[in-house]
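Structural characterization, general
Letter by letter, the chains look like this.
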Amino acid sequence: MDVLERIHERARAARRHIVLPEGTEPRTVQAAAAVVRESLARVTLIGRREEVLAVARETGADLSGVEIADRPSARDEEAALRAYLEHVRHRGIVPDEAREHLKDPLLRAAIGVAEGRFDGMVAGARSTTAATLRAALRGVGVRTGVSRISSFMLMMTSRADLGEDGSMVFADCAVHPDPSAVELAEIALLTAESAREFLPAPPRVALLSFSTRGSADHPRSRKVAEATRIVKARAPELIVDGELQTDAALVPAVAASKAPGSAVQGRANVLIFPDLDAGNIGYKLVERVAGARAIGPILQGLARPVNDLSRGCSVQDIVDVVAVTAVQGAGRDRYDSRR
């Protein structure tokens, strides 16, 4: 059983309720039908019922067992307004402004997650990453103890000699344009936590650079080295090394030459990129050139599970991210507080 199959099995066992706010987006409608058919989660689509059903007819999707949340009642609208104002009152948002915000179905769905009506949300087949993140931050918020959210990609390759039988976690590939050393360290720590949840072995974390252990002296490589020192101080039990070039992170023979004594030993299953340029380009190269499956971006650091999709996603991609979100939703002890 590969990593994705294990995630699907865990999602079936978890029986979580996932909301899809882009209820008239054709791939989302097809994915909702598939998720329910495969018993991966309970699903609610948000959208006008007649429009959702019209898309289902056009795509041949059987929505038996899929719930559709049409226009909310006045009572539900007022309850959502009260909940939202309570969450954002420190930002000085007034009721009229909040009502405008709540016209966004992504935000309404995120508030439903925050209130516990749903166990998680998946969006982004139609919406931009910025819109999904805005709804997540406004509606759900950041987990206590986390300074900023980040993201990871679950990568599955045919190379059994890499990562865990070809599976690896890449971060950050969608959120942080240019993290500081402190922010990069937090990304590494959150990603190690995520890897524990989804990979079948403990995380072995490599913080990547164009330099290996000072082979090039530059502010960018020094940032990665500093981030590694912070990670080691905060999590001394974690298998981690940096700064490392990619070959020193993934190839034991190269690691023995370039980074002798490395804790990772050229067997990293978690790759932390120095900035968003590297992370986004890196995962798409592995996906498009090497033919890997890329699941995500999966958000981390939120008070409750909300996940983004690439607008180029397939129906199967949406199904897989829903399964990942259901597994995250089952780990409720990590999502019990927010700030």
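First things first, this report covers the structure right here in the doc. What you see is a predicted model, and the numbers here were worked out from it, not measured in a lab.

Structural notes on a nonpolar patch on the surface
On the surface, Ile281, Leu285 and Val289 cluster together into a nonpolar patch covering about 320 Å² of accessible area. As for its placement among the helices and strands, valine 289 is situated in the loop between α12 (276-288) and β10 (293-300). Looking at valine 289, the relative accessible area reads 68%, which means it is exposed.

Re empty space enclosed by the protein
Within this structure, the stated rule accounts for 2 cavities of 30 Å³ or more. The computed volume of the second largest cavity comes to approximately 30 Å³. Along its surface, the second largest cavity is lined by 10 residues, and Leu299, Leu302, Arg304, Pro305 and Val306 are the ones closest to its centre. Of all the elements in the fold, those that place two or more residues in the lining of the second largest cavity are β10 and β11 (306-308). A class-by-class count of the residues in the lining of the second largest cavity yields 5 nonpolar, 4 polar and 1 charged.

What to know about helix α8 (residues 181-198)
With 18 residues, α8 should reach 26 Å at 1.5 Å per residue; the first-to-last C-alpha distance of 26 Å fits that figure. α8 sits mainly inside the fold: 15 of its 18 residues count as buried.

With respect to the packing of aromatic side chains
Under the criterion given, the structure shown has 2 aromatic pairs. Residues phenylalanine 152 and phenylalanine 198 carry aromatic rings whose centres are separated by 6.1 Å and whose planes lie at 40° to one another, so their mutual orientation is tilted. Note that phenylalanine 152 is positioned in strand β5 (residues 150-156) and phenylalanine 198 in helix α8, a separation of 46 residues in sequence. A relative accessible area of 1% means that phenylalanine 152 is categorised as buried. Using a relative accessible area of 4% as the deciding quantity, one classes phenylalanine 198 as buried. With a centroid separation of 5.4 Å and 65° between ring planes, the pair formed by phenylalanine 170 and phenylalanine 273 is classed as edge-to-face.

Examining the sheet that holds strand β7 (residues 204-208)
Read across the sheet, 6 strands follow the order β8-β7-β9-β6-β5-β10 without closing on themselves; strand pairing throughout is mixed. Edge positions in the sheet fall to β8 (239-244) and β10, since each has one partner strand and no second. Averaged over all adjacent pairs, the angle separating strand axes in this sheet is 20°, with direction ignored. Two strands pair when backbone bridges link them, and β7 and β8 are joined in this way by 4 bridges, in the parallel orientation.

Quick notes on the sheet that holds strand β4 (residues 120-123)
One open sheet accounts for 5 strands, arranged β3-β2-β1-β4-β11; its pairing is parallel. Here the strands that pair on one side only, and so sit at the sheet edges, are β3 (67-69) and β11. On average, each strand axis in the sheet is inclined to that of its neighbour by 25°, with strand direction left out of account. Relative to β3, strand β2 (residues 42-46) runs parallel, the two sharing 3 bridges.

Looking at the nonpolar core
With 63 residues, the main nonpolar core has Leu63, Leu207 and Ile272 as its most contacted residues. Top element by residues in this core is α8. It accounts for 9 residues.

Observations concerning the side chain of aspartate 241
Within the secondary structure, aspartate 241 sits in strand β8. A polar contact is formed between the side chain of aspartate 241 and the side chain of serine 262, at a distance of 2.7 Å.

About the criteria used
- Residues numbered from 1 in each chain as written.
- Predicted model: local features only at pLDDT ≥ 70, side-chain atom pairs only at ≥ 80, totals over all residues.
- Heavy atoms only, no water.
- Patch = residues over 30% accessible without salt bridge, like charges linked within 9 Å, V, L, I, M, F, W, Y side chains within 5 Å.
- Areas by Shrake-Rupley, 256 points an atom, 1.4 Å probe, with all protein chains shown as cover.
- Salt bridge = Lys/Arg side-chain N within 4 Å of Asp/Glu carboxyl O.
- Helix = DSSP H or I, 4+ residues; strand = E, 2+ residues; numbered from the N terminus.
- Buried < 20%, exposed > 50% of the residue type's maximum accessible area, 1.4 Å probe, protein only.
- 1 Å grid on protein atoms, 1.4 Å probe; cavity = no way out; pocket = protein on both sides within 12 Å on 5 of 7 lines; lining within 4 Å.
- Points joined across faces, edges and corners; volume = space filled by probe spheres on them.
- Nonpolar A, V, L, I, M, F, W, Y, C, P; charged D, E, K, R; others polar.
- Expected span 1.5 Å × (residues − 1).
- Phe/Tyr/Trp six-rings, centres within 6.5 Å; stacked < 30°, edge-to-face > 60°.
- Pairing = 2+ DSSP bridges.
- Axes fitted to C-alpha atoms, helices over the stretch in contact; angles between N-to-C directions.
- Core = buried A, V, L, I, M, F, W, Y, C linked by side-chain atoms within 4.5 Å.
- Polar contact = N/O pair within 3.5 Å; in protein donor to acceptor, adjacent residues only side chain to side chain.

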